[in-house]
Amino acid sequence: MLDTIEPGNDLTGVKVLVHQDVLIAVMGLTGSGKSTFINLATQSPNKLQVGHSIESCTGAVEHADPFDLDGRRIILFDTPAFDSTNKTETEILRIIAFELEKRYRKGQILHGIIYVHRISDAHVNNLAKTNFGIFRELCGDYCLRNVIIMSNMWSRLPSEVEGHRRVTELAGLDDFFKPAIAKGAAMMHHMQDTVESAHMVIRQILKNHPIALRIQEEIVDQGKSIHEIGAGMAVDEELAQLTHQYELKLKLQFAMARRERDEGTRKEQLKEVERVRQLLEKLEEEKRNQKRESGEKSKQLKRGGAGRRR
């Protein structure tokens, strides 16, 4: 159950949370259709911004207007994707962690999470697998029973039969959805792009008992930093891999630009060199921030130990 929050809180789109409110987070990769699903479900005139390119529109946690379903007041919120083009995975994790921590300290616990996946994607790439791995760490195994993996964009498929074939394949992938389903996550399919189809998914979550996520318990109850929690360590591992990949890509792009004789093509390649260089600088900055935070944490622990010895 949720505590009552008086007006004046810094919660965009949410003025007062009352005793029977149901909080549901919607997560997934950039362009998976999270905002479109939320707009369809709420039918609010205050639409969340929807992206139509590979660039992420959601840079912060966005709250949709509350709506009623089966006598319950539902509040959906859109979360930035870990594959955001504008922020690193660590920055995204901080944004999500701050929101979840804030709610947990107020006694507000999610009824569930809808993880949106494009069934129109013919293949599951490493990015999708890595991001879902971070999502699992954020939830924790016990909370996966309150997760719905929702496939959407069925209208883009050549046939419904092909969609069901892909569902079977996705559910059987050991490095993707299969472990989460084994822990209790359910797969549902938003096939019709209708309000009723969206509400059918949400009705499934109404049956849940709210459970605190692993990331909330780690940060609030255990006092861990963002890099000590399970999701943070998964992001750090991905950060190291990305740094290596960008270093190789930077060398390759620069070599291609030096060999290119066509001036227009050369300028495009140099622009790509600069883009990769900036991404690499951002990753290196993240690594420096991690090192600084770890040092500060160690100092705090040492001071605490010295105080106890006195």
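What counts and what doesn't
Each chain has its residues counted from 1, running along the sequence as written. Side-chain atom pairs in this predicted model are given and counted only at pLDDT of 80 or more, local residue features only at pLDDT of at least 70, and totals for whole chains, interfaces and linings cover all residues. Side-chain measures were taken over the full set of non-hydrogen atoms in the model, leaving aside hydrogen atoms and water. Between buried and exposed lies partly exposed: a residue is buried under 20% and exposed over 50% of the maximum accessible area for its type, with that area taken using a 1.4 Å probe on protein chains only. Every helix listed is a DSSP run of H or I at least four residues long, and every strand listed is a run of E at least two residues long, numbered separately from the N terminus. The criterion for strand pairing is that DSSP finds at least two bridges linking the strands in question. Seen with its strands pointing away from the viewer, a crossover is right-handed when the path leading from the first strand over the helix to the second is clockwise. Each pair of aromatic rings taken from Phe, Tyr and Trp, with Trp reduced to its six-membered ring, is defined by centres within 6.5 Å and is described as stacked if the planes are under 30 degrees apart, edge-to-face if over 60, and tilted in the remaining cases. Per residue, pLDDT captures the predictor's confidence, and it can take any value from 0 to 100. When checking whether two residues touch, look at their non-hydrogen atoms; a contact exists if any pair is within 4.5 Å. Lines are fitted to the C-alpha atoms to define the axes, a helix being fitted only along its stretch in contact, and any angle between axes, read from their N-to-C directions, falls within 0 to 180 degrees. Each angle receives one of four descriptions, namely roughly parallel if under 35 degrees, roughly antiparallel if over 145, roughly perpendicular if within 65 to 115, and oblique otherwise. Classification convention: Asp, Glu, Lys, Arg as charged; Ala, Val, Leu, Ile, Met, Phe, Trp, Tyr, Cys, Pro as nonpolar; all other residues, Gly among them, as polar.

## Some remarks on the pairing of strand β5 (residues 112–118)
Then, number 1: Extensive coverage of β5 is indicated by the burial of seven of its seven residues.
Then, number 2: Neither face of β5 is exposed, since G112, I114, V116 and R118 on one face and I113, Y115 and H117 on the opposite face are all buried.
Then, number 3: By the bridge criterion, six bridges tie β5 to strand β6 (residues 147–152) in an arrangement that is parallel. Bridge pairing in β6 places I113 opposite V147.
Then, number 4: For the crossover that starts at β5, traverses helix α3 (residues 126–139) and ends in the parallel β6, the hand is right-handed.

## Notes on the packing of aromatic side chains
Between two aromatic rings, the relevant description is the distance of the centres plus the angle of the planes.
Then, number 1: In the structure shown here, the tally under the stated rule is six aromatic pairs.
Then, number 2: Look at Y115 and F132: their rings are 4.9 Å apart centre to centre, the planes differ by 75°, and that puts the pair in the edge-to-face class. In this pair, Y115 is assigned in strand β5 and F132 in helix α3, connecting sequence segments 17 residues apart.
Then, number 3: Taking the centre distance of 3.9 Å and the plane angle of 20° together, the rings of F176 and F177 count as stacked. For the pair shown, F176 and F177 are each scored as buried.
Then, number 4: Taken together, the ring pairs connect Y115, F132, F135, F176 and F177 into an aromatic cluster.

## Let's talk about the confidence of the model for the protein chain
Then, number 1: Averaged over the protein chain, the pLDDT score is 78; the fraction of residues at 70 or greater is 64%.
Then, number 2: The model gives residues 1–19 a pLDDT under 50, and that stretch makes 48 contacts with residues more than four places away or in other chains.
Then, number 3: The low-confidence segment residues 52–56, where pLDDT is below 50, has eight contacts with residues more than four positions distant or belonging to other chains.

## Here we look at the packing of helix α1 (residues 34–42) against helix α6 (residues 195–206)
Then, number 1: Viewed as axis vectors pointing N to C, α1 and α6 meet at an angle of 100°, and their least axial separation amounts to 8 Å. Relative to α6, the element α1 is oriented roughly perpendicular. Within the contact between the two elements, α1 uses F37, L40 and A41 and α6 uses V195, A198, H199, V201 and I202.
Then, number 2: Grouping the amino acids of the contact of α1 with α6 by side-chain chemistry returns seven nonpolar, one polar and no charged.

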